[in-house]
Amino acid sequence: MRICALLLAAGAGRRFGADKLSAALPDGTPVGVAAAQNLLAAGCETLAVVRTADAGIAPALARLGVRLTPCVDADLGMGHSLACGVRASAQADGWLIALGDMPFVRPASIAAVAAALARGAPIAAPSYGGRRGHPVGLAAGFRDHLLGLRGDEGARRLLRAHAGRMVRVDVDDPGVLRDVDWPGDLAAAGG
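In short, a report on the structure.

So, how was this worked out
Residues numbered from 1 in each chain as written. Predicted model: local features only at pLDDT ≥ 70, side-chain atom pairs only at ≥ 80, totals over all residues. Heavy atoms only, no water. Helix = DSSP H or I, 4+ residues; strand = E, 2+ residues; numbered from the N terminus. Buried < 20%, exposed > 50% of the residue type's maximum accessible area, 1.4 Å probe, protein only. Areas by Shrake-Rupley, 256 points an atom, 1.4 Å probe, with all protein chains shown as cover. Lys, Arg positive; Asp, Glu negative; His and termini not counted. Charge placed at Lys NZ, Arg CZ, Asp CG, Glu CD. Expected span 1.5 Å × (residues − 1). Arc of directions from axis to C-beta. Contact = heavy atoms within 4.5 Å. Core = buried A, V, L, I, M, F, W, Y, C linked by side-chain atoms within 4.5 Å. Disulfide = S-S within 2.5 Å. Pairing = 2+ DSSP bridges. Phe/Tyr/Trp six-rings, centres within 6.5 Å; stacked < 30°, edge-to-face > 60°. Lys NZ or Arg CZ within 6 Å of the ring centre and 35° of its normal. Right-handed = clockwise from strand over helix to strand, strands pointing away. Polar contact = N/O pair within 3.5 Å; in protein donor to acceptor, adjacent residues only side chain to side chain. Salt bridge = Lys/Arg side-chain N within 4 Å of Asp/Glu carboxyl O.

Here we come to the overall build of the chain. Each helix and strand in the chain was counted, giving seven helices and eight strands. Viewed in the frame of its principal axes, the chain has a C-alpha envelope of about 40 × 35 × 30 Å. Split into buried and exposed, the 191 residues of the chain put 50% on the buried side. A total of about 8600 Å² of accessible surface is found on the chain, and carbon and sulfur atoms cover 52% of it. If the 20 positive side-chain charges of the chain are averaged to one point and the 17 negative ones to another, these points end up 5 Å apart.

Right, here's the structure in full:
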């Protein structure tokens, strides 16, 4: 089964005040690069949706072996970026939707969600402490819906509409809930 991890890395980082995906974690690794490294360590085929292939963290992702797809409509919202990524990997049997600002997700958690998809789950997501986290896995049956996404909501409405079909994968990983929205989130990386 071909599952493609879509790393959404085309956001503007407005709340952060700068390119948060290029901001360094305490070990010096850029946020978005760490997120990609975790996907690769989980054994995922990884496609990053970026603004352009030659700016921000895109060159660093390419050096890791991540395939890039520029999204000209990135400013219109996450839905456009997600649809762009699905279009660029339309032959996949499913997708792991990973966020570039979530560098703390352990590879084992990513692999567990991918395994749930491979076993036939229509939707799969990690769960820590009873809360749903990321990445979220979606089977190929949702392709047309994903291709039609627009705006900044991403797949949130789809997940609500099909909540009963979601397989939650319990993980011992608080990283599935942690993103980087503010500079202070970098300083708290070890916590």
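Our next topic: helix H4 (residues 107-118). Look at H4: 16 Å from first C-alpha to last across 12 residues, which is about the 16 Å you get at 1.5 Å a residue. The complete set of buried residues in H4 reads Ser109, Ile110, Val113, Ala114, Ala116 and Leu117. Taken end-on, H4 shows its buried residues confined to a sector of 155°, consistent with a single buried face. Those residues of H4 hidden inside the fold are in contact with strand E1 (3-9), helix H1 (31-41), strand E4 (94-99), strand E5 (123-128), strand E7 (136-139) and strand E8 (166-170). Within two residues after H4, Gly120 carries a phi angle of roughly 110°, on the positive side.

Moving on, we get to unusual backbone geometry. Note the cis peptide between His134 and Pro135, where omega equals 5°. Here Pro135 is to be found in the loop between strand E6 (131-132) and E7.

On to the nonpolar core. Core analysis: the biggest nonpolar cluster contains 65 residues, and Leu61, Leu82, Leu96, Leu138 and Leu146 have the highest contact counts within it. Those residues in contact with Leu138, other than ones at most four positions away along the chain, are Gly94, Trp95, Ile97, Leu117, Pro122, Ile123, Leu146, Ala155, Leu158 and Leu159.

Moving on to the state of the cysteines. For the coordinates displayed, the defined rule picks out zero disulfides. The thiol sulfur of Cys44 is not disulfide-bonded, and the nearest other cysteine sulfur, from Cys4, lies at 8.8 Å. Cys84 takes part in no disulfide bond, and the closest cysteine sulfur to it belongs to Cys71, at a distance of 4.0 Å. Exposure remark for Cys84: the relative accessible area of 10% places this residue in the buried category.

Moving on: the pairing of E1. Put simply, side chains in a regular strand alternate between the two faces of the sheet. Counted residue by residue, E1 has seven buried out of seven residues, so it is predominantly covered. Along E1, one buried face is formed by Ile3, Ala5, Leu7 and Ala9 and the opposite face, lined by Cys4, Leu6 and Leu8, is buried too. Relative to strand E2 (residues 45-50), E1 runs parallel, the two sharing six bridges. Within E2, the position partnered with Cys4 by the bridge is Glu45.

Here a ring pair, both rings aromatic, is described through the centre-centre distance and the interplanar angle of the planes. What the rule picks out here adds up to zero aromatic pairs. The ring centre of Phe104 lies 4.0 Å from the NZ or CZ of Arg178, which sits over that ring.

Turning to the environment of Leu61, a few remarks are in order. When you line up the elements, Leu61 lands in helix H2 (residues 58-64). The spatial distance from the C-alpha of Leu61 to the C-alpha of Gly77 is 21 Å, given a sequence separation of 16 residues. Excluding anything up to four places from it in sequence, Leu61 contacts Leu7, Gly32, Val33, Ala36, Ala48, Val50, Val66 and Leu68.

Another aspect to go through is the pairing of strand E3 (residues 67-70). Pairing geometry for E2 and E3, over four bridges, is parallel. Across the sheet, the residue bridging to Val50 is Pro70, located in E3. Since E2 and E3 lie parallel, the crossover through H2 that links them has a hand, and here it is right-handed.

Locating Asp173 in the fold gives a position in the loop between E8 and helix H7 (183-187). A distance of 2.8 Å separates a polar side-chain atom of Asp173 from the backbone nitrogen of Arg106.

This part is about the pattern of salt bridges. Applying the stated rule across the entire model yields six salt bridges. As a salt-bridge pair, Asp101 and Lys20 come within 2.7 Å of each other at their nearest N and O atoms. Taken together, the positions of Asp101 in the loop between E4 and H4 and Lys20 in the loop between E1 and H1 put the pair 81 residues apart, joining distant regions of the chain. With a closest N to O distance of 3.8 Å, Arg106 and Asp173 form a salt bridge. Taken together, the positions of Arg106 in the loop between E4 and H4 and Asp173 in the loop between E8 and H7 put the pair 67 residues apart, joining distant regions of the chain. Exposure remark for Arg106: the relative accessible area of 43% places this residue in the partly exposed category. Among the charged side chains, a network of salt bridges with common partners joins Arg2, Glu45 and Arg67.

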